[in-house]
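Working through the structure, step by step
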Amino acid sequence: IMGDASINLQNEEWSGRLDLSVVSKDFAEEASSELGFLSNRITTREKDGISKNTQYRLSTYSHPIFKQIYNNWYTDDGKKFPEALIMNHTILRFWYLGDGSLKFTNANTAYSTIRVNNEKERPDYLINLFDELGYKSTCSSKEIRISTEDTPEMLSNIKAVDDLSY
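The notes below deal with the structure included here. Just so we're clear, the structure is a prediction, and the values are computed from it rather than from any experiment. (Residues numbered from 1 in each chain as written. Predicted model: local features only at pLDDT ≥ 70, side-chain atom pairs only at ≥ 80, totals over all residues. Heavy atoms only, no water.)

Section: the overall build of the protein
This is how the line gets drawn: To qualify as a helix, a DSSP run of H or I must reach at least 4 residues; to qualify as a strand, a run of E must reach at least 2; elements of each kind are numbered from the N terminus. Throughout, a contact is declared for two residues whenever any of their heavy atoms are within 4.5 Å. Working definition of accessibility: Shrake-Rupley area with a 1.4 Å probe, residue cover restricted to the visible protein chains. Charged residues are defined narrowly, with Lys and Arg counted positive, Asp and Glu counted negative, and His plus the chain ends left uncounted. Where a charge lies is defined by one atom per residue type, namely NZ (Lys), CZ (Arg), CG (Asp) and CD (Glu).
Scanning the protein for helices and strands turns up five helices and 10 strands. In terms of principal-axis extent, the alpha carbons of the protein reach across some 50 × 40 × 30 Å. Long-range contacts, defined as pairs at least 24 residues apart, comprise 56% of the intrachain contacts of the protein with a sequence gap of at least 6. Of the roughly 9,500 Å² of accessible surface on the protein, a fraction of 46% belongs to carbon and sulfur atoms. A distance of 5 Å separates the average location of the 19 positive side-chain charges in the protein from that of its 25 negative side-chain charges.

Structure follows, in structure tokens:
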């Protein structure tokens, strides 16, 4: 649930469900496919009444696994990445496609960033997640930045090269 996903847990007795809001229909459909039988529906909403700002919201069926995920990911302060999280390219792909961007410094050089608002007080933890995959990164209060040297390899490894429209 890194990025724009959240667990909706209305009360302690309820199993909970996953909600994901994104701007890419393809990404919403890919996430729906990955969730398989848990996926319920994808709805659309125009943000501010402008069709180019359409958001796609994926909702799952309620399931006990989401209560377990909620208990691992949420504290009294909101959503926090678990200490035991082991970063891999699949997790990084969904995080990047939900919260990432590619920024060009000139015509031939770019670096990747991922928003990290809910983890801004743990920059060393975030940098370590990328170190585990061999990517050099730095962290500011709003985003983690992957080095220009490592960005092409990272994008290739997470298969985002053809998906930069996300």
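Now that the structure is up, let's keep going.
So, the sheet that holds strand 9 (residues 137-139)
Neighbouring strands of a sheet are bound in pairs by backbone hydrogen bonds; such pairs are parallel or else antiparallel. Put simply, the rule reads: When DSSP finds two or more bridges between two strands, those strands count as paired. Inter-axis angles, ranging from 0 to 180 degrees, are taken between N-to-C directions of lines fitted to C-alpha atoms, where helices are fitted over the stretch in contact.
If you walk across this open sheet you meet the four strands as 7-8-10-9, and the pairing is antiparallel. In this open sheet, the two strands that pair with only one neighbour each are strand 7 (100-106) and strand 9. If you compare each strand with its neighbour and ignore which way they point, the axes differ by 25 degrees on average. Examined bridge by bridge, strand 9 and strand 10 (residues 143-146) share three bridges and lie antiparallel to one another. The residue bridging Ser-137 from the neighbouring strand is Ile-146, located in strand 10. In the packing of helix 4 (residues 123-131) onto the sheet, the strands contacted are strand 8 (109-115), strand 9 and strand 10, and the crossing angle to strand 9 comes to about 160 degrees.

What to know about the packing of aromatic side chains
Each aromatic ring pair is characterised by the separation of its centres together with the angle its planes make. Let me state the cut-off plainly: Here is the rule: rings of Phe, Tyr and Trp (six-membered ring for Trp) pair when centre to centre is within 6.5 Å. Planes less than 30 degrees apart are stacked, more than 60 are edge-to-face, and the remainder are tilted. The classification of residues rests on relative accessible area computed with a 1.4 Å probe and restricted to protein chains. Under 20% of the type maximum is buried, over 50% is exposed, and intermediate values are partly exposed. Here, a charge over a ring is recorded when the distance from Lys NZ or Arg CZ to the ring centre is within 6 Å and its angle to the ring normal is within 35 degrees.
Following the criterion strictly, the structure yields five aromatic pairs and no others. Judged by centre distance (5.6 Å) and plane angle (70 degrees), the rings of Trp-73 and Phe-81 are edge-to-face. Residues Trp-73 and Phe-81 agree in their burial class; the two are buried. Directly above the aromatic system of Tyr-125 lies the positively charged group of Arg-122, at a separation of 4.0 Å from the ring centroid.

Thoughts on the nonpolar core
Rule in force here: Definition used in this section: a nonpolar core is a set of buried Ala, Val, Leu, Ile, Met, Phe, Trp, Tyr and Cys residues joined via side-chain atoms within 4.5 Å.
One finds Phe-81, Leu-92, Trp-95, Leu-129, Phe-130 and Met-154 to be the most contacted residues of the largest nonpolar core, which totals 35 residues. If we ignore the near neighbours within four places in the chain, the residues touching Met-154 are Leu-92, Tyr-96, Ser-112, Phe-130, Tyr-135 and Ile-146.

Comments concerning the pairing of strand 8
Burial within strand 8 is extensive, with five of its seven residues counted as buried. Note that strand 7 and strand 8 share six bridges and pair antiparallel. Note on strand 8: the bridge partner recorded for Leu-102 is Ser-112. From the end of strand 7 to the start of strand 8, which pair antiparallel, there are two residues. Looking at chain direction, strand 8 and strand 10 are connected through four bridges and run antiparallel. Looking at the pairing, Thr-113 lines up with Arg-145 of strand 10.

Here we look at the pairing of strand 4 (residues 54-60)
Counting buried residues in strand 4 gives six out of seven residues, a clear majority hidden from the surface. Note that strand 2 (residues 17-22) and strand 4 share four bridges and pair antiparallel. Bridge pairing in strand 4 links Ser-21 to Arg-57. Relative to strand 4, strand 3 (residues 39-46) runs antiparallel, the two being bridged by seven bridges. Directly across from Arg-41, in strand 4, lies its bridge partner Ser-59.

Some words on the pattern of salt bridges
Stated precisely, the cut-off is as follows: A pair is scored as a salt bridge if a Lys or Arg side-chain nitrogen falls within 4 Å of a carboxyl oxygen belonging to Asp or Glu.
Taken as a whole and assessed by the stated rule, the structure comprises nine salt bridges. Note that Asp-19 and Arg-57 form a salt bridge whose closest N and O atoms lie 3.0 Å from each other. Remark: Arg-57 occurs in strand 4 and Asp-19 occurs in strand 2; sequence separation between them is 38 residues. For Asp-19, a relative accessible area of 6% gives the class buried. Exposure remark for Arg-57: the relative accessible area of 35% places this residue in the partly exposed category. Of the charged contacts, one joins Asp-150 and Lys-136 as a salt bridge, the two residues approaching to 3.8 Å between their closest N and O atoms. With Asp-150 in the loop between strand 10 and helix 5 (151-157) and Lys-136 in the loop between helix 4 and strand 9, this pair connects stretches of sequence that are 14 residues apart. Each of Arg-17, Asp-19 and Arg-57 takes part in a single network of salt bridges with overlapping partners.

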